[in-house]
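Structural overview for review
Here is what each chain is made of, one letter per residue.
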Amino acid sequence: MPGNAPWAQKRGGVSPAKTCLLLSLPLAVLVILGLQAQGGVMDAVSVLVTPTFADPQELLLYFAWWPRLVVALLAGAGLGLAGVLMQQVLRNPLASPTTLGVASGANLALMVATVLTPGLLVIGREWIALAGGALAVGLVFLLSWRRGLAPIVVVLAGLVVNLYLGALATALLLFNHETLAGLLIWGAGSLAQNGWDGAAMLAPRLVIGAVLAWLLLRPLAVLELDDASAKSLGVSLSGLRFAGMGLAVFLTGSIVSVVGIIGFIGLAAPNIVRMAGARRLGARLVWSTLLGAMLLATTDQLLQFFSGATAAFIPTGAITGALGAPLLLWLIPRLRLSSGQPPKGASVFATRHPAPGRLAVRLSLGLAVFALLGLLLGQGVDGWYWLAPTQWDVVEWRLPRVLAAAASGIMLAMAGTLLQRLSANPMASPEVLGVSGGCAIALILGIYLLPAPTQPLLVAVGTLGALVTLIVLVGINRKSGFVPERLLLTGVAITALFDAVRNVMLAGGDPRGQQVIAWLAGSTYYVDVTSAVWIGAIAALLTLLILPFTRWLDILPLGAPTAKALGVTLNQARLALLLLVALLTACATLVVGPLSFIGLLAPHMARLAGFSRARHHLVGAALIGMLLMVLADWVGRQVIFPYEIPAGLVASLIGGAYFMWGLRRL
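Throughout what follows, the structure given in this document is the object of discussion. (Residues numbered from 1 in each chain as written. Predicted model: local features only at pLDDT ≥ 70, side-chain atom pairs only at ≥ 80, totals over all residues. Heavy atoms only, no water.)

The next thing to look at is the overall build of the chain. When helices and strands are tallied, the chain shows 29 helices and two strands. For the chain, the proportion of its 666 residues judged to be buried stands at 58%. Here the analysis covers contacts within the chain between residues at least 6 apart in sequence; of these, 79% occur between residues at least 24 apart. As displayed, the chain has an accessible area near 27,200 Å², and 69% of this comes from carbon and sulfur atoms. (Helix = DSSP H or I, 4+ residues; strand = E, 2+ residues; numbered from the N terminus. Buried < 20%, exposed > 50% of the residue type's maximum accessible area, 1.4 Å probe, protein only. Contact = heavy atoms within 4.5 Å. Areas by Shrake-Rupley, 256 points an atom, 1.4 Å probe, with all protein chains shown as cover.)

Structure representation (structure tokens):
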């Protein structure tokens, strides 16, 4: 690639060979230590070459330890190769099997097949995974094609597809927990083996993939040119992209079918070898394959070394995701993106409704109608019925849910509005920027680590997690002037870290895992009257605290120079507003989970409806947020009665679909 590529680095004294050699040394030490713990290096090697199965230790070595090492090497190599292919095809240094949703699609397809058509698994898990991965990457392409597969749009499409498929997987898990409980560890990327079947399945497919990649080497090298130059050479770009992506999806699907989702190896290996000096495609294919194998094997050996007997219960894929997220955060400031300036706030919030007051009254009436629906209309054993207001025994059960849904809706809408006006970015929200994910990480850790966490304590912990996330966002993006693309990419990294922590916690077999799954889905089922009143009071109080800042919110989207000229102390204003965002996000996340997209959807819809001034924008977003969450709660209770889909999950499916529609129209 040319030296001005967005990921170009100077060679210095580092080379890909030195990088792989340096990493091979700790891997060799860890392997030797692992073999020593199993009874000695020479004995372990002899068991591999000439097994006698004379004692249980030999059986463990031959059928578990050695296959696990071989599968780690093969899976890491395949992911490194797939990552290079994706980055070459899309000219995007952030493309990888995980960031493009390929791994999530493959995982969801296997979950669906396990629940609905287990007979299909007989034909080959890799083919089901391949179909799921192909559909996911096809959706990413569909969402970003109109923008010429621009790197930032592709990554955003991959983010929303990942989140959307994750919401569907959560829904499946909620209704089929016993059937899919065993998939929690595997789906998060478990390398535990009980034989050589996984290695025997991966090895020939990796060889086929490597041979095909080598045959495509010269055609794919043409993609280093721009589209016009490549077409002038008579190259079919669409066919070439299809071949390259098809091969990458095949490799990813094969790996996911054996070990589940392994995060960030496909992102890290190609970028590391490029920064180490590998510029030509052939060199990157070779060194990324080798480095990917060593990265995954080293991570897995470290995991086994430090966790001992519990290593089988901690997914290696989740650990690689946790390690890869900081790498992505480190890469983001070093990327040269096409958009160098944030959008002008004056144009972002320019659409005005001639009578915002009347529009707010109509929205209030709509909210009242949906609240009454949530309270009085439902299904029973005899079908649909209207509830009389005097039937307090049923109203007492429904009222807290409606109140909690409305309160969480208003808090997420307010948080999203604050973030959008702070960054002058209509695509910003607590969910997309990773604030909800950071809050969720803190809350999960609090549930698992604190001896008896109370609701106020969890609110404090969640607020701290959200605030730390916001500080990371500000720290990484301050120098670039809060360019929207970098903000959104930071959100991708933080969301990936949240996924890793969640997978580690849920894969441990702790009984609290089911409680966490239900909370992540965003159910209002357990909210009682007292809790609902408290949630409503907190939402009202935080809303009142925002009102004095409306002047700042009108000025900040105009840019830092204008804000300073009008007397706004930027650091003070940003800190106060970010603290409010953290509080709003933490309180709402406790009720409806970390993913609902209401923080994106409500402010965006309010802006499109014509609520332009900050005060009007806040009121419109609050009404729309409440309306959407109340509707989502009612739909979740009634659509598959007597079963229930949590409100947060319904909202995430609606909001994710809207986000994809918005990306498609960009």
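Next comes the rest of the account.
With that settled, the discussion passes to the packing of helix α3 (residues 56-90) against helix α12 (residues 237-259). Contact geometry of α3 with α12 gives a least axis separation of 9 Å together with a crossing angle of 155°. The angle between α3 and α12 places the two elements in the roughly antiparallel class. Where α3 crosses over α12, the handedness of that crossing is left-handed. Residues V71, A75, G78, L79, L81, A82, L85, M86 and V89 of α3 lie in contact with α12, whose contacting residues are R241, G244, M245, L247, A248, L251, T252, I255 and V259. For the contact of α3 with α12, a count of residues per class yields 14 nonpolar, three polar and one charged. (Axes fitted to C-alpha atoms, helices over the stretch in contact; angles between N-to-C directions. Parallel < 35°, antiparallel > 145°, perpendicular 65-115°, else oblique. Left-handed = near helix turned anticlockwise from the far one by under 90°. Nonpolar A, V, L, I, M, F, W, Y, C, P; charged D, E, K, R; others polar.)

Together, V29, L33, L302, F305 and F306 make up a nonpolar patch on the protein surface, roughly 500 Å² of accessible area in all. Where the nonpolar patch is concerned, the elements lending two or more residues are α1 (16-37) and α14 (281-307). Tracing the backbone shows L33 in helix α1. Its relative accessible area of 39% is what places L33 among the partly exposed residues. (Patch = residues over 30% accessible without salt bridge, like charges linked within 9 Å, V, L, I, M, F, W, Y side chains within 5 Å. Salt bridge = Lys/Arg side-chain N within 4 Å of Asp/Glu carboxyl O.)

Counting across every chain of the model gives zero disulfides. This cysteine, C439, is not joined by any disulfide, and C587 carries the nearest cysteine sulfur, 8.5 Å off. By relative accessible area, C439 is classed as buried at 0%. (Disulfide = S-S within 2.5 Å.)

Take the nonpolar core next. Residues L85 and L100 are the most contacted members of the largest nonpolar core, which totals 102 residues. It is α3 that provides the largest number of residues to this core, a total of 18 residues. Leaving out residues up to four positions away in the same chain, L85 has contacts with A213, L220, G244, L247, A248, L251 and L285. L433, L458, V527 and L590 belong to the second largest nonpolar core, which has 92 residues in total. (Core = buried A, V, L, I, M, F, W, Y, C linked by side-chain atoms within 4.5 Å.)

The tally for this structure, following the rule as stated, stands at four salt bridges. One salt bridge connects R401 with D633, and the closest N-O pair in it is separated by 3.7 Å. One end of the pair, R401, is in helix α18 (residues 392-423); the other, D633, is in helix α28 (residues 614-638), with 232 residues separating them in the sequence. We classify R401 as buried; its relative accessible area is 1%. Its relative accessible area of 2% is what places D633 among the buried residues. Members of the salt-bridge network, linked through shared partners, are R401, D633, R637 and E644.

Two strands pair when backbone bridges link them, and strand β1 (residues 377-380) and strand β2 (residues 383-386) are joined in this way by four bridges, in the antiparallel orientation. In the sheet register, Q379 faces β2, and the bridge partner there is W384. Joining the antiparallel neighbours β1 and β2 is a turn of two residues. (Pairing = 2+ DSSP bridges.)

Take helix α19 (residues 435-449) next. Its 15 residues give α19 an end-to-end C-alpha distance of 21 Å, which sits within 8% of 21 Å, the value for a rise of 1.5 Å per residue. With 13 of 15 residues buried, α19 is to be regarded as a mostly interior element. (Expected span 1.5 Å × (residues − 1).)

For the pair helix α17 (residues 356-376) and α18, interaxial distance at closest approach is 8 Å and the crossing angle is 145°. Pair α17 / α18 crosses with right-handed handedness. Across the interface between the two elements, A371, G374, L375 and L376 from α17 touch R398, L399 and V402 from α18. Across the contact of α17 with α18, the residue classes break down as five nonpolar, one polar and one charged.

Moving on, we get to α28. Relative to the 36 Å expected for 25 residues at 1.5 Å per residue, α28 spans 36 Å between its end C-alpha atoms, a close match to the ideal helical length. Summarising burial for α28: 20 of the 25 residues are buried, a large majority.

A separate point is the side chain of S408. The topology assignment puts S408 in helix α18. A distance of 2.9 Å separates a polar atom in the side chain of S408 from the backbone oxygen of A405. Each residue touching S408, except ones within four places of it in the same chain, is listed here: A588, V591, V592 and M629. (Polar contact = N/O pair within 3.5 Å; in protein donor to acceptor, adjacent residues only side chain to side chain.)

A word on the side chain of S288. Among the secondary structure elements, S288 is positioned in helix α14. When its relative accessible area of 0% is taken as the criterion, S288 is described as buried.

Next up on the list: the packing of aromatic side chains. The full count for this structure, using the stated rule, is five aromatic pairs. Taking the centre distance of 6.4 Å and the plane angle of 40° together, the rings of W127 and F250 count as tilted. Highlighted residues: W127 in helix α5 (residues 125-144) and F250 in helix α12, separated in sequence by 123 residues. Given a relative accessible area of 44%, W127 falls into the partly exposed group. A relative accessible area of 17% means that F250 is categorised as buried. (Phe/Tyr/Trp six-rings, centres within 6.5 Å; stacked < 30°, edge-to-face > 60°.)

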